[in-house]
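The primary structure of each chain is shown beneath.
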Amino acid sequence: MKHLPRARRKRLIVRRLPEETLAYDLLRCRAHCLGPVAAAVWSHCDGRTSAARAAALVTQETGTAVDEAAVWVCVGRLAEAHLLEDKVTRPGGRSRREWLERTMTVAAGLAVLSVTAPLAVEAATCVSNCTSTPQNPPGSCGGIPCCPPAVGNCCRQGTGQNCTCRTMGGCTP
Amino acid sequence: VAAAGTLVAAFLTGSWREPVDAWTGDAEALGAIQPLLLRGGVAGLAWRRLRATGLAGSSFGGELHQAYRLQVLHDGVHEEHVARAFRRLREAGVEPLLGKGWAAARLYPDAGLRPYGDVDLYVRTADHAAARVAVITASDAAPIDLHCGFGELNDRSAETIEARAMMHTAGGIDVRTFGAEDHLRLLCLHALRHGLLRPLWLCDIAAGLERRPTSFDWDRFLTGDPLRTRWAIAAVGLAHVVLGARLDGVPMADRARRLPGWLATSVLQEWGTGRPPQGAREPMGDALRHPRRLLGALRVRWPNAVEATVGVRGSFDAWPRLPYQLAECVRRSLRFVV
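Keep in mind the model is a prediction, meaning the values are calculated, not measured.

The rules we used
Residues numbered from 1 in each chain as written. Chains lettered and ligands numbered in written order. Predicted model: local features only at pLDDT ≥ 70, side-chain atom pairs only at ≥ 80, totals over all residues. Heavy atoms only, no water. Helix = DSSP H or I, 4+ residues; strand = E, 2+ residues; numbered from the N terminus. Rg over C-alpha atoms; globule rule 2.2 N^0.38 Å. Buried < 20%, exposed > 50% of the residue type's maximum accessible area, 1.4 Å probe, protein only. Contact = heavy atoms within 4.5 Å. Areas by Shrake-Rupley, 256 points an atom, 1.4 Å probe, with all protein chains shown as cover. Lys, Arg positive; Asp, Glu negative; His and termini not counted. Charge placed at Lys NZ, Arg CZ, Asp CG, Glu CD. Phe/Tyr/Trp six-rings, centres within 6.5 Å; stacked < 30°, edge-to-face > 60°. Lys NZ or Arg CZ within 6 Å of the ring centre and 35° of its normal. Pairing = 2+ DSSP bridges. Axes fitted to C-alpha atoms, helices over the stretch in contact; angles between N-to-C directions. Parallel < 35°, antiparallel > 145°, perpendicular 65-115°, else oblique. Left-handed = near helix turned anticlockwise from the far one by under 90°. Disulfide = S-S within 2.5 Å. Arc of directions from axis to C-beta. Salt bridge = Lys/Arg side-chain N within 4 Å of Asp/Glu carboxyl O. Polar contact = N/O pair within 3.5 Å; in protein donor to acceptor, adjacent residues only side chain to side chain. pLDDT = per-residue confidence, 0-100. Patch = residues over 30% accessible without salt bridge, like charges linked within 9 Å, V, L, I, M, F, W, Y side chains within 5 Å.

Q: Which parts of the structure should I look at to understand the overall build of chain B?
A: Looking only at helices and strands, chain B features 17 helices and five strands. Computed over the C-alpha atoms, the radius of gyration of chain B is 20 Å, within 12% of the 20 Å expected from 2.2 N^0.38 for a compact globule of 338 residues. Principal axes of the C-alpha set define a box for chain B whose edges measure 55 × 50 × 45 Å. By the burial criterion, 59% of the 338 residues in chain B qualify as buried. Sequence-distant contacts, at least 24 apart, represent 73% of the contacts inside chain B between residues at least 6 apart. In the form shown here, chain B has an accessible surface area of approximately 13,500 Å², with 55% of it arising from carbon and sulfur atoms. For chain B, the separation between the mean place of its 42 positive charges and that of its 36 negative charges on side chains is 4 Å.

Q: Explain the packing of aromatic side chains here, please?
A: Geometry of an aromatic ring pair is reported as the spacing of the ring centres plus the angle between the planes. All names here are of chain B. The full count for this structure, using the stated rule, is seven aromatic pairs over all chains. Taking the centre distance of 5.1 Å and the plane angle of 70 degrees together, the rings of Tyr122 and Phe178 count as edge-to-face. Linking Tyr122 in strand 2 (residues 119-123) with Phe178 in the loop between strand 5 (173-177) and helix 8 (180-193), this pair joins segments that are 56 residues apart in sequence. Residues Tyr122 and Phe178 agree in their burial class; the two are buried. Consider the rings of Phe216 and Phe221, whose centres lie 6.3 Å apart with planes at 45 degrees: the pair is tilted. For the pair Phe216 and Phe221, a shared accessibility class is recorded, and that class is buried. An aromatic cluster is defined as three or more aromatic residues linked by ring pairs; in this entry it consists of Tyr122, Phe150 and Phe178. Arg106 extends its terminal NZ or CZ atom over the ring of Trp102, reaching a point 3.8 Å from the ring centre. One residue, Arg321, lies across the ring of Tyr324, its end atom 4.2 Å from the ring centre.

Q: Got a minute to help me understand the pairing of strand 3 (residues 30-34) of chain A in this structure?
A: All names here are of chain A. For strand 3, a buried count of four out of five residues is recorded, marking the element as mostly surrounded by other parts of the structure. Strand direction decides the pairing type here: strand 2 (residues 21-25) and strand 3, joined by five bridges, are antiparallel. Residue Asp25 lies in a different strand from strand 3, and its bridge partner there is Arg30. Hairpin connection of strand 2 to strand 3: four residues between the antiparallel strands, including Cys29 at a positive phi of 55 degrees.

Q: I'm lost on the packing of helix 11 (residues 226-243) of chain B against helix 13 (residues 261-273) of chain B in this one. Help?
A: Packed helices, taken two at a time, are described by the angle between their axes plus the distance between the axes. Residues and elements named next belong to chain B. The contact between helix 11 and helix 13 brings their axes to 10 Å, and the two run at 65 degrees. Considering the angle they form, helix 11 stands roughly perpendicular to helix 13. As helix 11 packs across helix 13, the resulting crossing turns out to be right-handed. Facing helix 11, whose interface residues are Ala234, Leu238, Val241, Val242 and Leu243, helix 13 presents Leu263, Ala264, Val267, Leu268 and Trp271.

Q: It is not clear to me how the pairing of strand 5 of chain B should be interpreted in this structure. Could you clarify?
A: Consecutive residues of a regular strand have side chains that alternate between opposite faces of the sheet. Residues and elements named next belong to chain B. Along strand 5, four of the five residues are buried, which leaves the element largely enclosed by surrounding structure. Direction of pairing for strand 4 (residues 166-170) relative to strand 5: antiparallel, over a ladder of five bridges. When the bridges of strand 5 are listed, Ala170 appears paired with Ile173. Hairpin connection, strand 4 to strand 5: the antiparallel pair is bridged by two residues, and Gly171 has positive phi, about 55 degrees.

Q: Would you take a moment to explain the state of the cysteines for this structure?
A: Residue and element names in this part refer to chain B. Scanning the model with the defined rule gives zero disulfides over all chains in all. The thiol sulfur of Cys203 is not disulfide-bonded, and the nearest other cysteine sulfur, from Cys188, lies at 13 Å. Relative accessible area serves as the criterion here: at 0%, Cys203 is assigned to the buried category.

Q: How should helix 6 (residues 128-137) of chain B be read in this particular structure?
A: Each α-helix turn comprises 3.6 residues. Residues three or four places apart therefore point the same way. Residues and elements named next belong to chain B. The complete set of buried residues in helix 6 reads His128, Ala131, Ala134 and Val135. What you see down the axis of helix 6 is that its buried residues fit within an arc of 130 degrees, all on one side. Facing away from the buried surface of helix 6 by more than 90 degrees, the exposed residues are Ala129, Val133 and Thr137. Considering only its buried residues, helix 6 is in contact with helix 4 (59-91), strand 2 and strand 3 (144-148).

Q: Teacher, can you tell me more about the pattern of salt bridges here?
A: Side-chain pairing between opposite charges can occur once the charged atoms of the two side chains come close. Residues and elements named next belong to chain B. Inspection of every chain in the model, using the stated rule, returns 33 salt bridges over all chains. Residue Glu80 pairs with Arg84 through a salt bridge whose shortest N-O separation is 3.9 Å. With Glu80 and Arg84 both in helix 4, this residue pair falls four residues apart, about one helical turn. By sharing partners, the salt bridges in this structure join Asp155, Arg156, Asp182, Arg185, Arg220, Asp225, Arg228 and Arg313 into a single network.

Q: Can you help me understand unusual backbone geometry in this one?
A: Glycine aside, a negative phi is what most residues show, and trans is what most peptide bonds show. Residues and elements named next belong to chain B. Between Glu18 and Pro19 the backbone carries a cis peptide bond, its omega angle lying at -5 degrees. Assignment of secondary structure puts Pro19 in the loop between helix 1 (2-12) and helix 2 (27-39). Of note in this structure, Leu196 is not a glycine but carries a positive phi near 50 degrees. Positionally, Leu196 belongs in the loop between helix 8 and helix 9 (199-210). Residue Leu196 is classed as buried on the basis of its relative accessible area of 0%.

Q: I keep staring at the environment of Ser43 of chain A and nothing clicks. Help me out?
A: Residue and element names in this part refer to chain A. Topologically, Ser43 is positioned in helix 1 (residues 36-43). Sequence-wise, Ser43 and Ala7 are 36 residues apart; in three dimensions their C-alpha atoms are separated by 7.5 Å. In terms of polar contacts, Ser43 uses its side chain to reach the backbone carbonyl oxygen of Ala40, at 2.6 Å.

Q: Explanation requested: the confidence of the model for chain A in the structure shown.
A: For any part of a model where pLDDT is low, the fine detail of the predicted coordinates should not be relied upon. All names here are of chain A. Confidence in the prediction of chain A, expressed as mean pLDDT, is 74, and 54% of residues score 70 or more. Predicted confidence for residues 119-124 stays below pLDDT 50, and this span has 14 contacts to residues more than four positions away or in other chains. Predicted confidence for residues 135-139 stays below pLDDT 50, and this span has 12 contacts to residues more than four positions away or in other chains.

Q: Looking at this structure, how should I read a nonpolar patch on the surface?
A: All names here are of chain B. On the surface, Leu288, Phe336 and Val337 cluster together into a nonpolar patch covering about 330 Å² of accessible area. Take Leu288: it is sitting in helix 14 (residues 284-289). The class for Leu288 is partly exposed, based on a relative accessible area of 46%.

In structure tokens, the structure reads:
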């Protein structure tokens, strides 16, 4: 019997909302949005639960009929989003496409979407490339928070200097 | 521009309340102001009014939803920053006070309704040097805006501010924030100093006003420099006039309602323009080296009537604002040159 891989817990911030689960990867500065089925599958990724058992549990928890194939599609998407600790090896016998075709009915709940910031709200997220960030407006560093492990905001010390992640004070206006 | 600002205000009216009324406008109206909502830091609040409507699934609604999701997650990131900063400063023997940002987000029913930037920490003037060293030398430092003293609240004693401080839990540790009265006054004065460029700042005031604790001490809110007190009352009045904040139980409600006509107009015009706030602008020194960009840089820095009045310590009265704006320009230019 094939067990599901273990879910990643370290360096992640997870927020469960009524209709979806959000996860922020502090290592890669990526935000992900998990549909209800994907979130339920993720919660059973413990290295011990079999796919068949997980399918039954997820069906019970979400009210959506989920089979083993759907569980493996979900696991694949979770792996692509780096939300799993272990490497995923699907049971043989079917291609990825076949798995997907079998799971179209619960496709919406399976979704593991990347959450991207609309440009205008970048201040609500972070920049991982402060020193080379596109300057908008030209010449400005934006004052946007730098993504961990860098700290501070993308600012400049003074006129004519390069953008750097600064931890003190605001940006040079 | 003023019409767009009015629409932004209508969209945000009551957006901090629980339960919230669904937005009843159409797609065209949403499309017209959605970029302003994103730029104004109120995407989360706007999404809250939109989520139960048919427009939630539209492309405009989708961007607001994404912004809300990011804010929910960023609350977690920011909480870690807050906890880390407090730990560092306590190790250095400094007990800071947290204001604005994370503390302001506690005024809303949901932490994802407000964006986050710096961790605004206020320390006593005597502690500033030690706090600065602690923050700079920390290898895992958070993005901190360390204030020397209590900023706009420096017209009251550190002892009374600290005596009224409140405790919250962030990242598993206790963190100290301003008392409700001090924080509302700080939010009012900070928003006015920056010309209420961002609609978010007036929403903070409205939420702080309506969701204040029952023990809220209005005398405490009104204590301090009389001119600043009049400004704070005007900010409360603006939250009522522009965003429909309720003034039930507010002792100076009549004074708050008596605003000069230009004040709300100036705010709505600003919101309709969506100017970038200070810190997100092209440095003036850069613009001086590229004369073609100079005019734009000056235009974006032209002080609006609110920030000009506060900048030159004027009153929110019925007199024309142009002299204040010119005086503020001179003041800023001198500061830039010096």
